[in-house]
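# Structure at a glance
The primary structure of each chain is shown beneath.
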Amino acid sequence: MNAVLRSLTFLRRQWQWLKWPVAVGLVLFLFSQNQEAIAQLAAGEIRWGYLAAAGVVMLLALLLTFFRWWLLVWAQDFDFSLKDAFRLGFIGYLFNYVAPGGAGGDIVKAMLLAKEQPRRRLVAIATVFLDRILGLLALFMVGAAACLVPTPILDKPEFQNVIRAYWLFGGAGIVGVGLMLVPAIPRSKPVQWLTHLPGVGHLLAELIAGVVLYQSRPLVVVASVLVSILGHVAMLSVFYLGALAVGTVETIPGFWAHLQFVPAAELAGVLVPLPGGVGALEGAVKYCYELAGASGASGLLTAIAFRSLSVLLAVVGAGYYMLARREIDEVIHEAEEDASHSADESTPQLDRV
């Protein structure tokens with residue numbers, strides 16, 4: 001058992017540095033499987049107008065995402081401006097791609113906000129993860145609503161589980177947000193009992209107090225979900241505009257089809273542990289294009305167009321990073337030390353099992 005755990009720990013640490021070569025290798029593999037079709041498409045004319053429009057819409061979608069997070073932080077009475085949300089938002093977006101070790105964009109954002117809000121660090125961190133949860137909820141909601149419009153991909157047996165997942169997780173998320181806004185729950189005896197647990201009671205009490213603040217401002221939570229939906233529709237539209245830039249209306253799935261299958265492809269990019277979902281997103285979009293009756297090569301080029309715009313906008317985060325490099329590096333180092341310390345502490349306990 002000790003040898004197995006040591007091997008797993010070693011692999012986990014090495015993966016932090018291997019994931020980029022794996023991601024790039026996966027993209028190269030996808031290209032190698034579609035060389036001829038990609039060469040034919042590449043020989044065609046790139047419609048720069050559509051690509052420019054996709055870039056503008058992507059920027060709008062990102063700003064809406066940062067605005068959503070600002071609403072959640074503002075509702076907690078933090079001294080946090082919209083300018084701060086854009087600054088930390090772009091830094092987090094950059095670190096989705098380039099963060100060394102296990103520090104991803106959300107962790108960097110959370111740690112930077114916590115450092116700027118030392119009196120309520122836990123609630124500050126919680127706003128980042130609540131923001132991610134509301135974002136995923138809205139993504140499922142957009143996918144489910146889009147599936148109400150008939151398209152050929154909805155008839156594919158392989159896509160039926162995706163439709164069920166949209167409705168299941170979207171519905172569960174709505175119920176969860178609704179329960180969070182019920183005043184009686186945080187004031188109930190079982191929840192209050194948790195605040196008296198030794199060691200973690202005061203932390204739970206701080207989180208519960210944060211939930212109560214959201215209950216006093218329920219429209220903020222509702223507005224955050226609505227902003228998320230608008231932001232996701234914009235971001236999914238980027239894929240369609242990117243497809244029009246490298247293909248034609250006759251050779252790509254329609255707009256509604258993109259709203260239906262791209263949420264599943266984006267989720268694949270989130271779940272696969274690769275930087276920015278590189279390789280996983282491209283492969284998922286290619287598969288969905290084929291499922292929709294279009295060319296897989298067109299899907300791959302569409303995903304590459306989306307990725308190129310995404311990396312271009314991440315450069316904005318690089319500018320913010322250079323202005324506060326020392327502070328951000330310290331936060332990343334602290335996050336990695338905490339993660340390493342937690343992993344080292346858990347090993348002896350597993351050895352005794």
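Above this text you will find the structure in question.
First, a word on what this report is: a plain description of the structure on this page. This structure is a prediction, so every number in the text was calculated from the model and none was measured. (Residues numbered from 1 in each chain as written. Predicted model: local features only at pLDDT ≥ 70, side-chain atom pairs only at ≥ 80, totals over all residues. Heavy atoms only, no water.)

### Observations concerning the overall build of the protein chain
Assigned secondary structure in the protein chain consists of 14 helices and 0 strands. Its helices and strands taken in sequence order, the protein chain reads α-α-α-α-α-α-α-α-α-α-α-α-α-α from the N to the C terminus. For the protein chain, with 353 residues in total, the buried portion stands at 44%. In the form shown here, the protein chain has an accessible surface area of approximately 17,800 Å², with 69% of it arising from carbon and sulfur atoms. (Helix = DSSP H or I, 4+ residues; strand = E, 2+ residues; numbered from the N terminus. Buried < 20%, exposed > 50% of the residue type's maximum accessible area, 1.4 Å probe, protein only. Areas by Shrake-Rupley, 256 points an atom, 1.4 Å probe, with all protein chains shown as cover.)

### Side note on the environment of A318
Relative to the elements of secondary structure, A318 occurs in helix α13 (residues 296-323). Taking relative accessible area as the criterion, A318 reaches 27% and is therefore assigned partly exposed. Spatially, the C-alpha atoms of A318 and I91 are 6.9 Å apart, while their sequence positions differ by 227 residues.

### Looking at helix α7 (residues 157-180)
Helix length check: α7 (24 residues) gives 36 Å between terminal C-alpha atoms against 34 Å at 1.5 Å per residue, within 8%. The inward-facing, buried residues of α7 abut α6 (121-146), α10 (218-246), α11 (255-271) and α12 (280-291). (Expected span 1.5 Å × (residues − 1). Contact = heavy atoms within 4.5 Å.)

### Side note on the packing of aromatic side chains
The full count for this structure, using the stated rule, is 11 aromatic pairs. Cluster of aromatic residues (ring-pair linked, three or more members): F66, F86 and F90. One cation-aromatic arrangement involves K109 over W69; the distance from NZ or CZ to the ring centre is 4.4 Å. (Phe/Tyr/Trp six-rings, centres within 6.5 Å; stacked < 30°, edge-to-face > 60°. Lys NZ or Arg CZ within 6 Å of the ring centre and 35° of its normal.)

### Let's talk about the nonpolar core
Of all hydrophobic cores here, the largest spans 78 residues; its most connected members are M58, W69, F80, F159 and F261. Examining the composition of this core, we find that 13 residues originate from one element, α10, more than from any other. Residues in contact with W69, not counting those within four places in the same chain, are F80, A85, L88, G89, K109, L113, T127, V128 and D131. (Core = buried A, V, L, I, M, F, W, Y, C linked by side-chain atoms within 4.5 Å.)

### As for the pattern of salt bridges
As a working rule, side chains carrying opposite charge can pair if their charged atoms are close by. Per the stated rule, a full pass over the model turns up 5 salt bridges. One salt bridge in this structure joins R307 and E282, with 2.8 Å as the shortest N-O distance. In this pair, R307 sits in helix α13 while E282 sits in helix α12, placing the two residues 25 residues apart along the sequence. Both residues of the pair, R307 and E282, count as buried. Of the charged contacts in the structure, one is a salt bridge between E290 and K286, with a shortest N-O distance of 2.9 Å. With E290 and K286 both in helix α12, this residue pair falls 4 residues apart, about one helical turn. Assessed through its relative accessible area of 39%, E290 is described here as partly exposed. (Salt bridge = Lys/Arg side-chain N within 4 Å of Asp/Glu carboxyl O.)

### Brief notes about unusual backbone geometry
In this model, D77 sits at a positive phi of 65°, which is unusual for a non-glycine residue. Turning to its location among the elements, D77 is positioned in the loop between α3 (48-74) and α4 (82-98).

### Some words on a nonpolar patch on the surface
The grouping of V175, L179, V182 and I185 at the surface amounts to a nonpolar patch, some 310 Å² of accessible area in total. Relative to the helices and strands, V182 is located in the loop between α7 and α8 (189-194). You can call V182 partly exposed: its relative accessible area is 33%. (Patch = residues over 30% accessible without salt bridge, like charges linked within 9 Å, V, L, I, M, F, W, Y side chains within 5 Å.)

### Concerning the side chain of Q260
Checked against the element boundaries, Q260 lands in helix α11. Residue Q260 is classed as buried on the basis of its relative accessible area, which comes to 0%. Each residue touching Q260, except ones within four places of it in the same chain, is listed here: A146, C147, V149, T151, I153, L154, F159 and Y166.

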